[in-house]
Amino acid sequence: MGLLDGKRALIVGVASDRSIAWGIARAMRREGAQLAFTYQNEKLRTRVEGFAAELDSAITLPCEVTSEEQINSVFEQLKNHWNGLDILVHSIAFAPRGQLEGTYMDAVTREGFMTAHEISSYSFSALGKAARPLMRGRKAAMLTLSYIGAVRAMPNYNVMGVAKASLEANVRYMAASLGPEGIRVNAISAGPIRTLASSGISGMRDFLTLVEQVSPLRRNVTIDEVGNVAAFLCSDYASAVTGEITYVDCGYNAIGLSC
Ligand code: NAD
Ligand code: 0WE
């Protein structure tokens with residue numbers, strides 16, 4: 001008996017075996033869900049097909065979220081495999097590299113701001129809108145990934161923090177809008193994790209070390225721990241939880257100065 005027996009989940013955002021989306025997919029599969037995956041571009045296609053196969057899935061679809069056409073096509077094609085969808089996992093973010101270094105006021109540009117917001121926040125609304133018809137009449141759930149930079153100014157995170165604040169507000173508005181249809185919408189705010197998206201970011205190592213030194217649990221979080229909370233939030237055990245941002249960060253958000 002798994003938490004997600006009989007549920008069907010679409011996972012958006014697997015790029016490597018370190019991806020948070022991969023930790024979520026593994027936990028959801030373990031709890032009995034059937035999975036489908038999207039990949040951003042042809043470069044990632046065979047890799048994602050391999051990951052899908054590892055979790056008994058043969059459904060992999062292209063989805064570059066700046067393309068309205070590709071977003072719609074994902075759900076058109078999903079209909080050929082499944083008669084409904086229970087879970088949507090959105091685990092993507094992007095800002096142009098130059099936005100993530102220096103002070104916010106030096107780095108931010110109109111273009112960088114627009115791109116970060118489009119890919120990191122609007123894409124959740126866009127995927128949610130497209131998923132909605134398939135979720136009608138089911139106890140469905142949508143989930144996205146945020147970071148504490150949404151609510152505190154953090155060095156170098158810059159416009160990504162502003163975009164994550166938008167994403168968190170998006171969670172509340174989507175929850176209010178979709179709640180009457182029985183669809184829940186939540187986010188996990190994860191602590192720093194070494195992934196493709198965080199590799200090569202200046203100060204990442206310092207962030208990881210800081211959390212190890214000052215967080216209540218004195219360590220960093222793993223993608224499997226994020227996956228476990230994701231599985232719970234998208235399960236019927238969380239049937240009264242919606243519009244919520246859940247921290248999975250070894251308690252880092254709860255402290256001021258380390259004791
Ligand atoms: P990752 O690089 O493994 O995943 C990022 C994904 O975003 C990739 O699969 C990539 O293909 C996808 N993506 C980027 N632009 C896209 C586009 N235009 N269209 C479609 N897909 C696109 O990194 P990750 O760390 O697993 O990131 C996943 C999520 O977790 C992001 O929202 C990130 O902000 C969030 N997060 C990460 C951390 C961390 O420290 N790694 C902490 C908290 C939250
Ligand atoms: O959300 C993120 C990272 C998202 C991200 C990563 C990249 C790297 C490659 C968005 N856009 C890009 N653009 C690229 O060109 N995290 C929570 C991880 C992260 O990113 C940071 C962090 C942490 C933690 C950036 C600066 C400081 C800390």
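Before reading on, note that the structure itself is shown above.
Thresholds, definitions, all that
Residues numbered from 1 in each chain as written. Chains lettered and ligands numbered in written order. Predicted model: local features only at pLDDT ≥ 70, side-chain atom pairs only at ≥ 80, totals over all residues. Heavy atoms only, no water. Helix = DSSP H or I, 4+ residues; strand = E, 2+ residues; numbered from the N terminus. Buried < 20%, exposed > 50% of the residue type's maximum accessible area, 1.4 Å probe, protein only. Polar contact = N/O pair within 3.5 Å; in protein donor to acceptor, adjacent residues only side chain to side chain. Contact = heavy atoms within 4.5 Å. Near = heavy atom within 4 Å. Areas by Shrake-Rupley, 256 points an atom, 1.4 Å probe, with all protein chains shown as cover. Nonpolar A, V, L, I, M, F, W, Y, C, P; charged D, E, K, R; others polar. Pairing = 2+ DSSP bridges. Right-handed = clockwise from strand over helix to strand, strands pointing away.

Draft legend 1. Broad picture of the side chain of Ser125. Structurally, the position occupied by Ser125 is in helix H5 (residues 110-135). Of the residues examined, Ser125 reaches a relative accessible area of 16% and is grouped as buried. Side-chain polar atoms of Ser125 contact the side chain of Asn170, separated by 2.9 Å. If near-sequence neighbours (up to four positions away) are discounted, Ser125 is found in contact with Asn170 and Met174.

Draft legend 2. Summary view of the site of ligand 2. Of all residues adjacent to ligand 2, which total 15 residues, the nearest are Ala95, Arg97, Tyr157, Ala197 and Ile201. Separating a nitrogen atom of ligand 2 from a backbone N or O atom of Ala95 is a distance of 2.7 Å. At 2.7 Å, a side-chain N or O of Tyr157 approaches an oxygen atom of ligand 2. Across the complex, the protein chains shield 88% of the 590 Å² of accessible surface that ligand 2 would expose by itself. Considered class by class, the residues forming the shell around ligand 2 number 12 nonpolar, two polar and one charged.

Draft legend 3. Up close: the pairing of strand E1 (residues 8-12). Most of E1 sits out of view: five of its five residues are buried. Judged by which residues are buried, E1 turns out to be covered on both faces: Arg8, Leu10 and Val12 on one side and Ala9 and Ile11 on the other are all buried. Two strands pair when backbone bridges link them, and E1 and strand E2 (residues 34-39) are joined in this way by five bridges, in the parallel orientation. Its bridge partner being in E2, Arg8 is matched across the sheet by Gln34. You can see the chain leave E1, run along helix H1 (residues 20-30) and come back into E2, and the turn it takes is right-handed. Pairing geometry for E1 and strand E4 (residues 87-90), over four bridges, is parallel. Residue pairing for E4: Val12 is matched across the bridge by His90.

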